[in-house]
Number of protein chains: 2
Amino acid sequence: MQGKIKSREEYCIKLLKDKIISDGMVKEGNILKVDSFLNHQIDINLGDKIGEEFHRLFGSYPITKILTIEASGIGLACLAARHFNVPVVFAKKAKSKNLTGELYRSTVSSYTYGMDYDIVVAKRFLTPEDNLLVIDDFLAKGKALMGLIDIINQSGATLCGAGIVIEKGFQDGGKIIRDMGVNLHSLAIVESMDENSIVFR
Amino acid sequence: MQGKIKSREEYCIKLLKDKIISDGMVKEGNILKVDSFLNHQIDINLGDKIGEEFHRLFGSYPITKILTIEASGIGLACLAARHFNVPVVFAKKAKSKNLTGELYRSTVSSYTYGMDYDIVVAKRFLTPEDNLLVIDDFLAKGKALMGLIDIINQSGATLCGAGIVIEKGFQDGGKIIRDMGVNLHSLAIVESMDENSIVFR
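So, how was this worked out
- Residues numbered from 1 in each chain as written.
- Chains lettered and ligands numbered in written order.
- Predicted model: local features only at pLDDT ≥ 70, side-chain atom pairs only at ≥ 80, totals over all residues.
- Heavy atoms only, no water.
- Helix = DSSP H or I, 4+ residues; strand = E, 2+ residues; numbered from the N terminus.
- Rg over C-alpha atoms; globule rule 2.2 N^0.38 Å.
- Buried < 20%, exposed > 50% of the residue type's maximum accessible area, 1.4 Å probe, protein only.
- Contact = heavy atoms within 4.5 Å.
- Areas by Shrake-Rupley, 256 points an atom, 1.4 Å probe, with all protein chains shown as cover.
- Lys, Arg positive; Asp, Glu negative; His and termini not counted.
- Charge placed at Lys NZ, Arg CZ, Asp CG, Glu CD.
- Phe/Tyr/Trp six-rings, centres within 6.5 Å; stacked < 30°, edge-to-face > 60°.
- Lys NZ or Arg CZ within 6 Å of the ring centre and 35° of its normal.
- Buried area = accessible area lost by both parts, 1.4 Å probe.
- Salt bridge = Lys/Arg side-chain N within 4 Å of Asp/Glu carboxyl O.
- Polar contact = N/O pair within 3.5 Å; in protein donor to acceptor, adjacent residues only side chain to side chain.
- Nonpolar A, V, L, I, M, F, W, Y, C, P; charged D, E, K, R; others polar.
- Pairing = 2+ DSSP bridges.
- Core = buried A, V, L, I, M, F, W, Y, C linked by side-chain atoms within 4.5 Å.

Tallying secondary structure elements over chain A gives 5 helices and 11 strands in all. Taken over C-alpha atoms, the radius of gyration comes to 17 Å for chain A, in line with the 17 Å a tight globule of 201 residues would show. With respect to the principal axes defined by its C-alpha atoms, chain A has extents near 50 × 35 × 30 Å. For chain A, the residues scored as buried account for 55% of the 201 residues in total. Considering only contacts within chain A whose residues lie at least 6 apart along the sequence, 61% involve residues at least 24 apart. Approximately 8,500 Å² of chain A is accessible, and the part contributed by carbon and sulfur atoms is 47%. Distance from the positive charge centre (25 side chains) to the negative charge centre (25 side chains) of chain A: 2 Å.

Structural data, given as C-alpha cells:
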C-alpha cells in the first residue's frame, strides 16, 4: 500500500481496476475479456482479496451460505466463503443425469452462449432459514443473477446481498437489479469501453 | 485431532472419509453422490483441508499452475492454489462465443452427461515452461483426466502430478492413468459400494 491508497478496500479495488486495464481486452460485441485473471485463468491472490472485500461489504449480515452459478463464479465464491466461514452452493446448468431429486429451476437467456439454458439447485441446499449472499464474476444484462434470485424466491431463503466483481454499467442489468431492491455491490463498474480505453464509473 | 489420528494428513483423510460415509449417497448406475459437500454444495473447511493435503503431497514440485476442469474441479483447485500460491487454469467445456483465439482442444466422452464434449484451454495459459498439478474431484473411468493430459501434452508443459479427491477404485481410470506413469494421488479410493456401505481401499 502506497501513495494515495488509504485503506485495504481501496487497495483491493485499485488492484482490480489496474488488472482490468492492464490485462483486460475489449472485443467486438461489447465483450470484456478478463480471462487471464478472472474466468479462465484465476489470479488467486486477487481472488482472495476480492473475497476479503466482499466480506468487508457483507460481513455484517448473518450469511449462512454463498450462492453462485457455474462455472466462473465458483472459484470466487469459494475464495470468499473462507472469509465468511460458510458453504458455497452453485447453481448447475441443467444437463447432468446426476441431478436427481427435488430441484429449484429457472431459465436464463444467455448472451454469451447465444441460447436459453436452465439452472437448477437441489432443494435440500436452500431453505427458508438461509441468509444468502450471491457472488458472481460479471453483471451485464443481469440474466444469470435474475435466475438466481428467482431460485432464492422459490426457496423462501433471504437474499442479503449480491457481490459482483465487474459490472458493465452501460448495460441495464445493474439498474434492474437495484430497482428490485437488491443490496447489490459491484467492485468495478465499467462506464464505457472500446479497444483503446476502459473507463470506470 | 484425537485418539488414533497421528498427523494432519491422517486427520484430513479421516475427515473426508467420514464425510463420504455420513453424507455420500450411492445411486443406481454406480453413482456416488457427494453433492452435499463436494460438487454442488461445497464444504469450504473440508475443501481447504483437502487443498492443504494436496500441498503436502505435491508441494515439493516446482508447480507453476494448477489445472482443472469446469465445473466441480474449480472450487477445490482454487482452495488448493492458495497453499501453492499459483494461479488456477480451468479447461472449459466448449460452447461459449467468448472462446476466441488459439485453443488447445481435446474430446472427452462423459458417462455422467451421456455424451462426448470438447474441452478447451487458451494456448497462452499453458506453455512449455509450466509445471502443472492437475486437481479434480472425481476419478472413475479417467476420461476427463485423460483429456487434460492430452491438452498438457499438446502444450509441452510438464505434468508434475494429479490430485484427486475421490477415486472409484472399482473402475479402471486410476489403473490406466498410473500405468501411463502419472504421479497420481487420490485422497479416498472407494473399493466397493452399494446402498448400505462404502468400503475404502
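There's plenty left to go through after this.
A few words now on the packing of aromatic side chains. Residue and element names in this part refer to chain A. On inspection of all chains with the given rule, the structure shows 2 aromatic pairs over all chains. The interplanar angle of 40° and the centroid separation of 6.5 Å between the aromatic rings of Phe54 and Phe58 together place this pair among those described as tilted. Here Phe58 and Phe54 lie together in helix α2 (residues 44–58), a separation of 4 residues that amounts to about one turn. We note that Phe54, like Phe58, is buried. Over the ring of Tyr117 we find Lys93; its NZ or CZ atom is 5.1 Å from the centre of that ring.

So, about the interface of chain B and chain A. Across the contact, 42 residues belong to chain B and 42 residues belong to chain A. Summing both sides of the interface, chain B and chain A together bury roughly 3,800 Å²; the carbon and sulfur share of this comes to 59%. Three residues, His40(B), Gln41(B) and Ile44(B), lead the burial of chain B against chain A; their summed loss comes to 17% of the area buried on that side. Summed over the shared surface of chain B and chain A, the result is 2 salt bridges. A salt bridge links Asp35(B) to Arg124(A); its shortest N-O distance comes to 2.6 Å. At the junction of chain B and chain A, the tally comes to 14 residue pairs in polar contact (both at pLDDT 80 or more). With 7 residues, the single largest contributor to the side of chain B that touches chain A is helix α3 (residues 72–84) of chain B. Here the side of chain B that touches chain A is built from residues that sort into 20 nonpolar, 12 polar and 10 charged. Examined bridge by bridge, strand β3 (residues 41–42) of chain A and strand β5 (residues 88–93) of chain B share 2 bridges and lie antiparallel to one another. Among the inter-strand pairings, Ile42(A) is bridged to a residue of β5(B), identified as Val88(B).

With 82 residues, the main nonpolar core has Ile50(A), Ile66(A), Leu32(B), Ile50(B) and Ile66(B) as its most contacted residues. With residues near it in sequence (within four places) discarded, Ile50(B) still touches Cys12(B), Leu16(B), Leu38(B), Leu76(B), Val165(B) and Leu187(B).

One pass over the full model with this rule turns up 26 salt bridges over all chains. Where Asp23(A) meets Lys19(A), a salt bridge forms, and the shortest distance between an N and an O atom there is 3.6 Å. With a gap of 4 residues between them, Asp23(A) and Lys19(A) both fall in helix α1 (residues 8–23), about one helical turn apart. Owing to a relative accessible area of 29%, Asp23(A) belongs among the partly exposed residues under this scheme. Across the pair Asp18(B) and Lys14(B) runs a salt bridge whose closest N-O atoms are separated by 2.7 Å. Within this pair, Asp18(B) and its partner Lys14(B) are both found in helix α1 (residues 8–23), separated by 4 residues, close to a single helical turn. By relative accessible area, Asp18(B) is classed as partly exposed at 38%. By relative accessible area, Lys14(B) is classed as partly exposed at 34%. Ionic contacts of the salt-bridge type, sharing partners, join the residues Lys19(A), Asp23(A) and Asp43(A) into one network.

Let us look at α3(B). All names here are of chain B. Most of α3 sits inside the fold, with 11 of its 13 residues counted as buried. The complete set of buried residues in α3 reads Ser72, Gly73, Ile74, Gly75, Leu76, Ala77, Cys78, Leu79, Ala80, Ala81 and Phe84. Downstream of α3 by one or two residues, Asn85 has phi in the positive range, about 60°.

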